[in-house]
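# Structural description and commentary
Below, each chain spelled out in residue letters.
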Amino acid sequence: MARRRVPRAAALALLLASATACANDVPEAKWSNGLLPDAITQQGETVTALWNGAWIAALATGGVVIGLIVWACLFHTRRRAKADLPPQVRYNLPIEMLYTLVPLVMVSVFFFFTARDSEELSRVTGDADVKVKVEAFQWSWRFTTTTADGKTTEPVSGMPVSDYQQGPQLVLPVDKKVEFDLFTDDVIHSFWVPDFLFKRDIIPGIPDDNPGRKFEVTTLSKPGVYAGRCAELCGVDHSRMLFSIKLVTQQEFDQYVASNQAGSAQ
Ligand SMILES: [Cu+2]
């Protein structure tokens, strides 16, 4: 048995190693984040906190319920031989109220935190340092960046690719507020950067001033290149609608804008 296990373990290790190598655009799921990737935006950290808080509350509730079941099984089965019914608690007002109030309180707590966080995640202040127009099409993306002082970059447009590093790249500064305006002319797409822990559908025909077209993030100080994709089945090359987000320092971002500015500087 032991001899057969060694090659099997080696094969498994090889499979894991190659699977990880292929899936280089899948961010690492961390146990410390409740199996979410490390967020690269403040809003992503809000999502992580909500997710983990909800799990802790659910597991604690489950622990109490399972504990009570086990306790009842262990300590309240001794007089099984007796045919008597156990004490009945129907129409016992205090207990009925408890049964009603406890779940209500639990649902209200979940509701409160969910409503508070979704309000925060969908808030658009309009005073972002960088504004990005995202145009989704079958099957890639076009990014146009405008800075607070009115400089606009040449649009970055992509083609369907099988490696996100070859897709269009959106360059953004760290520690800055970024507004996204999502637009499409053909079918429904969905803008998803897994490390944002956020995605939003892009639906044709939604007018400019509709707040649902926009969302805002504040990037964290985590320079790097991160994968993005379309999360709504939109056609034959949906899975190749890959792009990347590159977080750089403000200085590198200024250089990027200066060398990629649309038209001549005004
Ligand atoms: Cu798509």
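Structure report, in brief. (Residues numbered from 1 in each chain as written. Predicted model: local features only at pLDDT ≥ 70, side-chain atom pairs only at ≥ 80, totals over all residues. Heavy atoms only, no water.)

Now for the sheet that holds strand S5 (residues 177–184). The strand order across the open sheet built from 5 strands is S3-S2-S1-S5-S8, with neighbouring strands paired in mixed fashion. Of all the strands in the sheet, just strand S3 (156–157) and strand S8 (214–218) have a single pairing partner and so form its edges. Bridge count between strand S2 (residues 140–147) and S3: 2 bridges; the pairing is antiparallel. By the bridge assignment for S3, Arg142 is matched with Ser157. (Pairing = 2+ DSSP bridges. Helix = DSSP H or I, 4+ residues; strand = E, 2+ residues; numbered from the N terminus.)

Our focus in this paragraph is helix H4 (residues 250–259). Every buried residue of H4 is listed here: Phe253, Tyr256 and Val257. Projected down its long axis, H4 carries its buried residues within an arc of 95°, all on one side. Opposite the buried face of H4, by more than 90 degrees, sit the exposed residues Gln251, Ala258 and Ser259. Elements that come into contact with the buried residues of H4 comprise strand S1 (130–137), S2, S3, strand S4 (169–173) and strand S10 (243–248). (Buried < 20%, exposed > 50% of the residue type's maximum accessible area, 1.4 Å probe, protein only. Arc of directions from axis to C-beta. Contact = heavy atoms within 4.5 Å.)

Further remarks concern the sheet that holds strand S6 (residues 189–193). On the basis of which strands lie adjacent, the open sheet formed by 5 strands has the order S4-S10-S9-S6-S7 and mixed pairing. Bordering the open sheet on either side are S4 and strand S7 (198–202), each of which pairs with just one other strand. Averaged over all pairs of adjacent strands, the angle between their axes in this sheet comes to 25°, without regard to strand direction. In terms of strand pairing, S6 meets strand S9 (residues 224–230) through 2 bridges, oriented antiparallel. Across the sheet, the residue bridging to Phe191 is Cys230, located in S9. Across the sheet, H4 is in contact with S4 and S10; its angle to S4 comes to roughly 130°. (Axes fitted to C-alpha atoms, helices over the stretch in contact; angles between N-to-C directions.)

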